[in-house]
Amino acid sequence: MGFLQLLKSQFLCHLIICYVFLVSGLIINLLQLCTLPVWLVSKQLARRINIRLAYCISSQMVATLEWWSGTECTLYTDPKSYPLYGKENAIVVLNHSFEIDFLCGWTFCERFGVLGSSKVLAKKQLAYVPIIGWMWYFLEIVFCKRKWEEDRRTVNESLQKLRDYPENFWFLLYCEGTRFTPKKHQVSMQVAESKGLPKLKYHLLPRTKGFWVTVQSLRGTAAAVYDSTLNFRNNEMPTLLGLLNGKKYHADLYVRRIPLELIPEDEKECAEWLHKLYQEKDSFQEHYAKTGRFPGPIMSPPRRPWSLINWLFWSCLLLYPLGLLLTQLISSGSVFTIVASVAVCSAASLGVRWMIGQTEIKRASNYGNKEISLNNN
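Calculation rules
- Residues numbered from 1 in each chain as written.
- Predicted model: local features only at pLDDT ≥ 70, side-chain atom pairs only at ≥ 80, totals over all residues.
- Heavy atoms only, no water.
- UniProt positions renumbered as here; feature names shortened; annotations may be inferred.
- Axes fitted to C-alpha atoms, helices over the stretch in contact; angles between N-to-C directions.
- Helix = DSSP H or I, 4+ residues; strand = E, 2+ residues; numbered from the N terminus.
- Parallel < 35°, antiparallel > 145°, perpendicular 65-115°, else oblique.
- Left-handed = near helix turned anticlockwise from the far one by under 90°.
- Contact = heavy atoms within 4.5 Å.
- Nonpolar A, V, L, I, M, F, W, Y, C, P; charged D, E, K, R; others polar.
- Pairing = 2+ DSSP bridges.

- With an unreviewed UniProt entry as reference, the protein chain is termed 1-acyl-sn-glycerol-3-phosphate acyltransferase delta, source organism Oreochromis aureus.
- Per UniProt, the comment on the protein chain under Function (unreviewed entry) is "Converts 1-acyl-sn-glycerol-3-phosphate (lysophosphatidic acid or LPA) into 1,2-diacyl-sn-glycerol-3-phosphate (phosphatidic acid or PA) by incorporating an acyl moiety at the sn-2 position of the glycerol backbone. Exhibits high acyl-CoA specificity for polyunsaturated fatty acyl-CoA, especially docosahexaenoyl-CoA (22:6-CoA, DHA-CoA)."
- Of the comments in the UniProt record for the protein chain, the one headed Sequence similarities (unreviewed entry) reads "Belongs to the 1-acyl-sn-glycerol-3-phosphate acyltransferase family."

Structure representation (structure tokens):
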């Protein structure tokens, strides 16, 4: 292990990274709150401001993957589709099998210049979580309660509001509804068998109703669906803690651009189309397992420096006053202030460990563990 790798594995470095992220995130949330009056004057200006403020938060996580850990990301795609990425609105269908798959999705958003404006379908509870949840609120992210009758109207109304969005965006969608685990896969395949659907080896049964509503709501706004299949070389299962420790991974992403007009408008036909899509995704994963690569040519975009520049800016802005404060506390010689400082750092370290733990697969939600919930397709 080299000196730099040893340095990256130290918890103090992790604490500094998380300190910068947390404090800068709260500052940016406050700035987003200050844009509320702007919405009354110019909705489009407020949207553009919030896109850039959101970039300041999400790009820090991308910088951790690209610049801190040095993780490489390879894109397999059609050369004819490649020039369109980042220049049109799109629905991105992702598999949900890894702890950092969302971060890999963000990384490709960053490389095509749509990270700040990217959208997701998120649980309603996340809207109340500081930093990421509040950032998403001002980005007009679609929040759902996982209750279909309520979500159908909510998702449709939220997506309709994006028709006049001022910049290109990607709507990232996990059609499986929850992260892949062996238990959920077993239940999912029981449902597939009961419905006479082909079994999947690497995916859960997709939830078709949410996909159909998304496609119908974004017709005329989004140009295509980007079918995206992610895997990691050498059968690695990357973690956020691994990234913070500076461990380098190699992600491979296979993307197919499917024009939206090729997707059936009828709900039943759209459901059949999506099930077929996931059977194809399964075959791509099988090909990857056998050959170590996805089919098609490599058209990987280079990483951009802006995420690193953004992180360095916030680090310089926030670490300097922190250093002065710590110096004053230590030089004061007060036992109380020193004990208080140690207590604050300990609490912060526990908070960091808790946040990292929430990304672990074993901490995934129970959504999808019961057959009755998977029957709701």
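1. Overview of the packing of helix α9 (residues 208-217) against helix α11 (residues 267-291)
Next up, step 1: With their axes 9 Å apart at the nearest point, α9 and α11 run at an angle of 115° to one another. By the criterion of interaxial angle, the relationship of α9 to α11 is roughly perpendicular. You can see that α9 and α11 cross each other, and the crossing is right-handed. Where α9 approaches α11, its residues T208, K209, F211 and W212 are matched on the opposing element by E267, C270, A271, W273, L274 and H275.
Next up, step 2: Per-class residue counts for the contact of α9 with α11 are six nonpolar, two polar and two charged.

2. Considerations on the sheet that holds strand β1 (residues 72-77)
Next up, step 1: With mixed pairing, seven strands are arranged side by side in an open sheet as β1-β7-β6-β2-β5-β3-β4. Since the sheet does not close on itself, it has two edges, and those belong to β1 and β4 (142-144), each with one partner. Across this sheet, the average inter-strand angle for adjacent strands is 25°, counted without regard to direction.
Next up, step 2: Pairing geometry for strand β3 (residues 119-123) and strand β5 (residues 170-173), over two bridges, is parallel. Each residue of the ladder has a partner; that of K119, found in β5, is F171.
Next up, step 3: Helix α7 (residues 148-160) rests against β3, β4 and β5 of the sheet, and its axis sits at about 175° to β4.

3. Observations concerning the UniProt feature "domain: Phospholipid/glycerol acyltransferase" (unreviewed entry) in the protein chain
Next up, step 1: The UniProt record annotates "domain: Phospholipid/glycerol acyltransferase" (unreviewed entry) at residues 90-212.
Next up, step 2: Annotated as residues 90-212, this span is 40% helix and 14% strand, and its ends, taken at the C-alpha atoms, are 14 Å apart.

4. Here we look at the UniProt feature "transmembrane region" (unreviewed entry) in the protein chain
Next up, step 1: Mapped onto the present numbering, the UniProt feature "transmembrane region" (unreviewed entry) falls on residues 12-40, 308-330 and 336-356.
Next up, step 2: With 93% helix and 0% strand, the stretch residues 12-40 has end C-alpha atoms that lie 44 Å from each other.
Next up, step 3: Annotated as residues 308-330, this span is 100% helix and 0% strand, and its ends, taken at the C-alpha atoms, are 31 Å apart.

5. Describing the environment of Y174
Next up, step 1: Within the element layout of this structure, Y174 appears in the loop between β5 and α8 (182-194).
Next up, step 2: Remark: the alpha-carbon pair of Y174 and N95, spanning 79 residues in sequence, is separated by 6.2 Å.
Next up, step 3: Beyond its immediate chain neighbours, meaning those up to four positions away, Y174 contacts L94, N95, H96, D101 and F102.

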